[in-house]
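Here is what each chain is made of, one letter per residue.
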Amino acid sequence: MAVRPCARTARFMVHHLPLPLPMPAPIDQIDPVASGVVLPVDKSDGHAIAPAVDNSVEKSVDESVEKVVENLFVPGQSASLRLGLVVPKRHARRAVTRTLVKNGQKLNFGQDFFVKFYQAFLYSDRWQQYIKGVGTTLLVTAIALVLGVVLGAIVAMVRVGYAQQKPHHRNPILGIFNAAAQVYVTVIRGTPMMVQLLIMSMVIFASSRNFTMVGALALGINSGAYVSEIIRGGLMAVDPGQMEAGRSLGLNYMTTMFEIIIPQAIRSILPALGNEFIMLLKDSSLITVIGGKELLYAAQGIMNRTYEPMFPLLGVAATYLVLVMLFSALLAKFERRLAQSDRR
């Protein structure tokens, strides 16, 4: 099959790789018919040079370059010459690695580390799969956070409003909503997150194939129960005299709540909300169980191809650690800004 030359081809010197490469065989010992590859000869040094290739035929290129390397390498001899392969860098590295593995050569710790790292992150641009997974993880976390805060705020205000009513003047409709809110909080907090995800994907949304959004919805509903208790605790911590003062000025309940009570409660509930956001970010990895295509899903796909779990999992752990540290720093900065505004 004819292969179109690639304009982005770069000359790659094999001796730059941290691998013990054998000496290339003379050109007269190479059988082009047996190798299945036409090798133009470099007149300057007498060694065969692989032709430039197109990135669009990746599998064919891998096999072709691998055959070239296998013919040029003589196992058991040390490398003393430089072999130039006019092929894209990733194809040359790929061919060298496969040849060493096929020849059964034992790799030391550094070489084994390089091979596994290359297979986990650089081979076939696999790092792009991690980037896409991070984007999906952040999207799922943002959707779940917004849904959790909205649900939590509604549930908290219903429960606080019902608790602040006078004993003999309770609104029956508000009592029904309060009972529903209590059932919601009890059920969500009393069942595992994994079970909730499976129920959402296999029972409620069994006909849906958008597993990522189903997972985001399940995470948001789960987070709403915990956020409601955080907000309710912050609202109950405000002095009851603040509500009475607002009502004595002629403000209704909702205006007093939004203008007086909630601004004072935000400062006390912000650290707990930040912690809930961090927990939500880490819990987003659970949607992999139902087929959500986030960061851990990308790592599992690479693990299934390389049969090497260490580097993909370490990469996922490092990515989550960086994200958590970044959001923790942003949250700490926001808290300092609030503290400065209070001192003014």
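Right above here is the structure, for reference.
What counts as what
- Residues numbered from 1 in each chain as written.
- Predicted model: local features only at pLDDT ≥ 70, side-chain atom pairs only at ≥ 80, totals over all residues.
- Heavy atoms only, no water.
- Phe/Tyr/Trp six-rings, centres within 6.5 Å; stacked < 30°, edge-to-face > 60°.
- Core = buried A, V, L, I, M, F, W, Y, C linked by side-chain atoms within 4.5 Å.
- Buried < 20%, exposed > 50% of the residue type's maximum accessible area, 1.4 Å probe, protein only.
- Helix = DSSP H or I, 4+ residues; strand = E, 2+ residues; numbered from the N terminus.
- Contact = heavy atoms within 4.5 Å.
- Salt bridge = Lys/Arg side-chain N within 4 Å of Asp/Glu carboxyl O.
- Patch = residues over 30% accessible without salt bridge, like charges linked within 9 Å, V, L, I, M, F, W, Y side chains within 5 Å.
- Areas by Shrake-Rupley, 256 points an atom, 1.4 Å probe, with all protein chains shown as cover.

Peer 1: How should the packing of aromatic side chains be read in this particular structure?
Peer 2: Aromatic ring pairs are defined here through the distance separating the ring centres and the angle between the ring planes. Taken as a whole and judged by the stated rule, the model has six aromatic pairs. Pairwise contacts between aromatic rings join Phe117, Phe121, Tyr130 and Phe311 into one cluster.

Peer 1: It is not clear to me how the nonpolar core should be interpreted in this structure. Could you clarify?
Peer 2: What tends to happen in soluble globular proteins is that the nonpolar side chains get buried as a cluster. Ranked by internal contacts, the top residues of the largest apolar core, which has 14 residues, are Ala120, Phe121, Tyr130, Leu295 and Val316. Elements with a minimum of two residues in this core: α4 (109–122), α5 (127–163), α10 (253–283), α11 (295–306) and α12 (310–343). Sort the elements by how many residues they give to this core and α12 lands first, with five residues. Discounting residues that sit within four places of it in the chain, Ala120 has contacts with Arg126, Tyr130, Ile302, Phe311 and Pro312. One finds Ile231, Met243, Ala265 and Ile269 within the second-largest nonpolar core, a separate group that totals 13 residues.

Peer 1: Before we go on, may I ask you to explain the pattern of salt bridges in this structure?
Peer 2: If the charged atoms of two oppositely charged side chains come close together, the side chains can form a pair. Going through the model one piece at a time under the given rule, you end up with four salt bridges. With its nearest N and O atoms 2.8 Å apart, the salt bridge here joins Arg159 to Glu229. A residue pair is termed long-range when its members are at least 10 positions apart, and Arg159 in helix α5 and Glu229 in helix α8 (residues 211–237) qualify at 70 residues. The class for Arg159 is buried, based on a relative accessible area of 16%. Salt-bridge contacts for Glu229 lead to Arg189; the nearest nitrogen and oxygen are separated by 3.8 Å. One end of the pair, Glu229, is in helix α8; the other, Arg189, is in helix α6 (residues 172–190), with 40 residues separating them in the sequence. Within this structure, Arg159, Arg189, Glu229 and Arg232 form a network of salt bridges that share partners.

Peer 1: Mind showing me how you'd approach a nonpolar patch on the surface here?
Peer 2: On the surface, a nonpolar cluster with roughly 640 Å² of combined accessible area is contributed by Phe109, Phe113, Phe117, Leu122, Trp127 and Ile131. Breaking the nonpolar patch down by element, the ones donating at least two residues are α4 and α5. Sorting elements by how many residues they give to the nonpolar patch places α4 first, with four residues. Among the structural elements, Phe109 can be located in helix α4. The exposed category is assigned to Phe109, whose relative accessible area is 69%.

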